[in-house]
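Each chain, letter by letter, is given below.
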Amino acid sequence: MTSDNMREFLRGIGDQLPLQLGVVPFGLVFGVLGIASGLSPLQTILMSSIVFGGASQVVFAQLWATGASPLIVGSSVAVINLRHMLYSAAVAKYLRPLSLRWRIILGYLLTDEAFAISIKRFETTDRPELAHYHLLGSGLTLWVCWQIATVVGVLAGATIPDELNLGFAIPLTFMALVLPNLRRVSDIAAATSAALVALFGQVLPWNAWIVAAAVVGITVGGILSHLEDRA
Amino acid sequence: MIWIVMILTGLANFAVRFSMFSGLRASTLPDWAERYLRYVPTAVLSAIIATALFLDEAGDIQIWNTTVLAGLIAAIIAILTRSVIFTIITGLGVLWIIG
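Cut-offs used in this document
Residues numbered from 1 in each chain as written. Chains lettered and ligands numbered in written order. Predicted model: local features only at pLDDT ≥ 70, side-chain atom pairs only at ≥ 80, totals over all residues. Heavy atoms only, no water. Helix = DSSP H or I, 4+ residues; strand = E, 2+ residues; numbered from the N terminus. Rg over C-alpha atoms; globule rule 2.2 N^0.38 Å. Buried < 20%, exposed > 50% of the residue type's maximum accessible area, 1.4 Å probe, protein only. Contact = heavy atoms within 4.5 Å. Areas by Shrake-Rupley, 256 points an atom, 1.4 Å probe, with all protein chains shown as cover. Lys, Arg positive; Asp, Glu negative; His and termini not counted. Charge placed at Lys NZ, Arg CZ, Asp CG, Glu CD. Core = buried A, V, L, I, M, F, W, Y, C linked by side-chain atoms within 4.5 Å. Domains from an automatic or database assignment. Buried area = accessible area lost by both parts, 1.4 Å probe. Salt bridge = Lys/Arg side-chain N within 4 Å of Asp/Glu carboxyl O. Polar contact = N/O pair within 3.5 Å; in protein donor to acceptor, adjacent residues only side chain to side chain. Expected span 1.5 Å × (residues − 1). Arc of directions from axis to C-beta. Nonpolar A, V, L, I, M, F, W, Y, C, P; charged D, E, K, R; others polar. Axes fitted to C-alpha atoms, helices over the stretch in contact; angles between N-to-C directions. Parallel < 35°, antiparallel > 145°, perpendicular 65-115°, else oblique. Left-handed = near helix turned anticlockwise from the far one by under 90°.

K.L.:
What is the right way to look at the overall build of chain B in this model?
P.N.:
Within chain B, the regular secondary structure consists of 5 helices and 0 strands. When its helices and strands are written in sequence order, chain B yields α-α-α-α-α. For 99 residues, the compact-globule formula gives about 13 Å, and the C-alpha radius of gyration of chain B, at 19 Å, lies well above that figure. The principal-axis extents of the C-alpha atoms in chain B amount to approximately 55 × 40 × 25 Å. Taking all 99 residues of chain B together, 48% fall into the buried category.

This is how it looks when you write it as structure tokens:
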């Protein structure tokens, strides 16, 4: 790495570090929860690098624990991850000139937090040809913290009593991510309709509630946003 | 079996993230896709939040218990602070104190 590249890489690390305040507790809880869901320590730890997505891993572990079919587990996680297509599209014009190896690595590292931090850099830097080093730094930082947090969670899981209800930290994390962003009617309607379908959809066969809730929430939000934009 | 599902899920996740700069297809999303995809996190995360707050261990809907109360107080903190860590501390704290 040249010194300019190195500086950009380090900047990515520095910009990503503050977000780890939210990522690390989530990783710890996932480690604890994976074991509580009946996954082995190895399965829990490796899921953090194979699946590598917070909400995906939690849903995977919880559905797997209830005995959901592989098809339902897979489609539920797939729906959750559709959002990454937005990120992929947003960074595409910056990454397209890169070699295949770079694109594969950065594709793997393109998480919510890495995207949130590095897209700002892509859009404001005066050296866009170096900006992929920023994404590499921010993506790797998150990856390393996520792996360490998972391992610590798995190790600590055995000693943490169930009464602490640590699993509750996961919906709490999601609340902090979702609630402050419910500004438009379409956002609130998407959230409410998805929540209601999830609750009343528990009777649906094959644990289909999460896919059903997602489809309804996305449809309601999308249609209402059309109306909002026209108004 | 779980390993196969995990690896396929991981590959699917990667494929979505990689899709728009894979070089194999158009690298822009149609406007309608972008419009609908924006609601994915809200819908999915709200569904997970709702089941965690309002379903008891038997899977029945509860509209008022300690979990709901802890969630409501944490929701206020989430909106006011936008902070993951403060929201976790508040929600778990309330649950531990009254639970």
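On we go.
K.L.:
Would you mind going over the overall build of chain A with me for this structure?
P.N.:
Helix and strand content of chain A: 12 helices and 0 strands. Secondary structure elements in chain A, listed N-terminal to C-terminal, are α-α-α-α-α-α-α-α-α-α-α-α. The C-alpha atoms of chain A give 19 Å as radius of gyration, which agrees with the globular expectation for 231 residues (17 Å, within 12%). For chain A, the spread of C-alpha atoms along the principal axes amounts to about 55 × 55 × 30 Å. When the 231 residues of chain A are sorted by exposure, 52% land in the buried category. Taking contacts inside chain A between residues at least 6 apart in sequence as the whole, the part at least 24 apart equals 75%. Of the roughly 10000 Å² that chain A leaves accessible, carbon and sulfur atoms contribute 68%. Each charge class in chain A can be summarised by its mean position, and for the 13 positive and 13 negative side chains these summaries are 9 Å apart.

K.L.:
Sorry if this is basic, but what is going on with the nonpolar core here?
P.N.:
Here is a general trend for soluble globular proteins: nonpolar side chains tend to be buried in one another's company. Ranked by internal contacts, the top residues of the largest apolar core, which has 87 residues, are Phe60, Leu63, Val91, Leu95 and Phe174 of chain A together with Leu29 of chain B. Per element, the largest residue contribution to this core is 8 residues, and it comes from helix H3 (residues 40-54) of chain B. Two domains each provide a minimum of three residues to this core, namely domain 1 (3-164) and domain 2 (182-230) of chain A. Non-local contacts of Leu63 of chain A, meaning those with residues more than four positions away in its chain, are made with Ala68, Ile72, Val73, Ser76, Asn207, Trp209 and Ile210 of chain A.

K.L.:
Is there a simple way to explain the interface of chain B and chain A in this structure?
P.N.:
Note: interface size is frequently given as the accessible area lost on complex formation between the parts. Listed by partner, the interface residues are 60 residues for chain B and 85 residues for chain A. Carbon and sulfur atoms make up 79% of the surface buried where chain B meets chain A, a total of about 6300 Å² over both sides. Three residues, Arg17, Phe21 and Tyr39 of chain B, lead the burial of chain B against chain A; their summed loss comes to 14% of the area buried on that side. Notably, a salt bridge pairs Asp229 of chain A with Arg35 of chain B, separated by 2.9 Å at the nearest N-O pair. Counting the contacts that link chain B with chain A gives 14 residue pairs in polar contact (both at pLDDT 80 or more). Only helix H1 (2-18), helix H2 (31-37), H3, helix H4 (66-81) and helix H5 (84-98) of chain B provide two or more residues apiece to the side of chain B that touches chain A. No other element matches the 15 residues that H3 of chain B contributes to the side of chain B that touches chain A.

K.L.:
Looking at this structure, I do not really get the environment of Phe21 of chain B. What am I missing?
P.N.:
Looking at the secondary structure, you find Phe21 of chain B in the loop between H1 and H2. Under the relative-accessibility criterion, Phe21 of chain B is labelled buried at 0%.

K.L.:
What is the right way to read helix H1 (residues 3-16) of chain A from this model?
P.N.:
Owing to its 3.6 residues per turn, the α-helix aligns residues three or four sequence positions apart on the same side. Residue and element names in this part refer to chain A. With 14 residues, H1 ought to run about 20 Å at 1.5 Å a step, and its terminal C-alpha atoms sit 20 Å apart, in line with that. Three or more residues of H1 are buried, namely Asn5, Glu8, Phe9, Gly12 and Gln16. For H1, the buried positions fall inside an angular range of 100° around the axis, keeping them on one side. When the buried face of H1 is taken as reference, the exposed residues oriented beyond 90 degrees from it are Ser3 and Arg7. On its buried side, H1 packs onto helix H2 (20-36), helix H8 (112-124) and helix H9 (131-157).

K.L.:
What am I meant to see in helix H6 (residues 84-95) of chain A here?
P.N.:
In terms of residue burial, H6 of chain A counts as a mostly covered element, since 9 of its 12 residues are buried. Residues His84, Met85, Leu86, Tyr87, Ser88, Ala89, Val91, Ala92 and Leu95 of chain A constitute the buried set of H6 of chain A. Among the structural elements, helix H5 (70-81), helix H7 (100-108), H8 and H9 of chain A together with H1 and H2 of chain B are those in contact with the buried residues of H6 of chain A.

K.L.:
Sorry if this is basic, but what is going on with the domain arrangement of chain A here?
P.N.:
All names here are of chain A. Domain boundaries in chain A define domain 1 (3-164) and domain 2 (182-230). Each of domain 1 and domain 2 has a C-alpha centre, and the two are 25 Å apart. At the interface, 9 residues of domain 1 touch 7 residues of domain 2. A combined buried area of about 580 Å² lies between domain 1 and domain 2, and 78% of that area is made up of carbon and sulfur atoms. At the junction of domain 1 and domain 2, the tally comes to 0 salt bridges. Across the contact surface, domain 1 and domain 2 share 1 residue pair in polar contact (both at pLDDT 80 or more). Among the elements of the structure, helix H4 (54-65) and H5 are those that each provide at least two residues to the side of domain 1 that touches domain 2. No other element matches H5, which puts 5 residues into the side of domain 1 that touches domain 2. For the side of domain 1 that touches domain 2, the per-class residue count stands at 6 nonpolar, 3 polar and no charged.

K.L.:
Can you help me understand the packing of H5 of chain A against H1 of chain B in this one?
P.N.:
When two helices pack together, their arrangement is given by the angle between the helix axes and the distance between those axes. Taken N-terminus to C-terminus, the directions of H5 of chain A and H1 of chain B make an angle of 20°; their axes are 10 Å apart at the nearest point. For the element pair H5 of chain A / H1 of chain B, the angle class is roughly parallel. The handedness of the crossing between H5 of chain A and H1 of chain B is right-handed. Where H5 of chain A approaches H1 of chain B, its residues Pro70, Val73, Gly74, Val77 and Asn81 of chain A are matched on the opposing element by Val5, Thr9, Asn13, Val16 and Arg17 of chain B. Here the contact of H5 of chain A with H1 of chain B is composed, by residue class, of 5 nonpolar, 4 polar and 1 charged.

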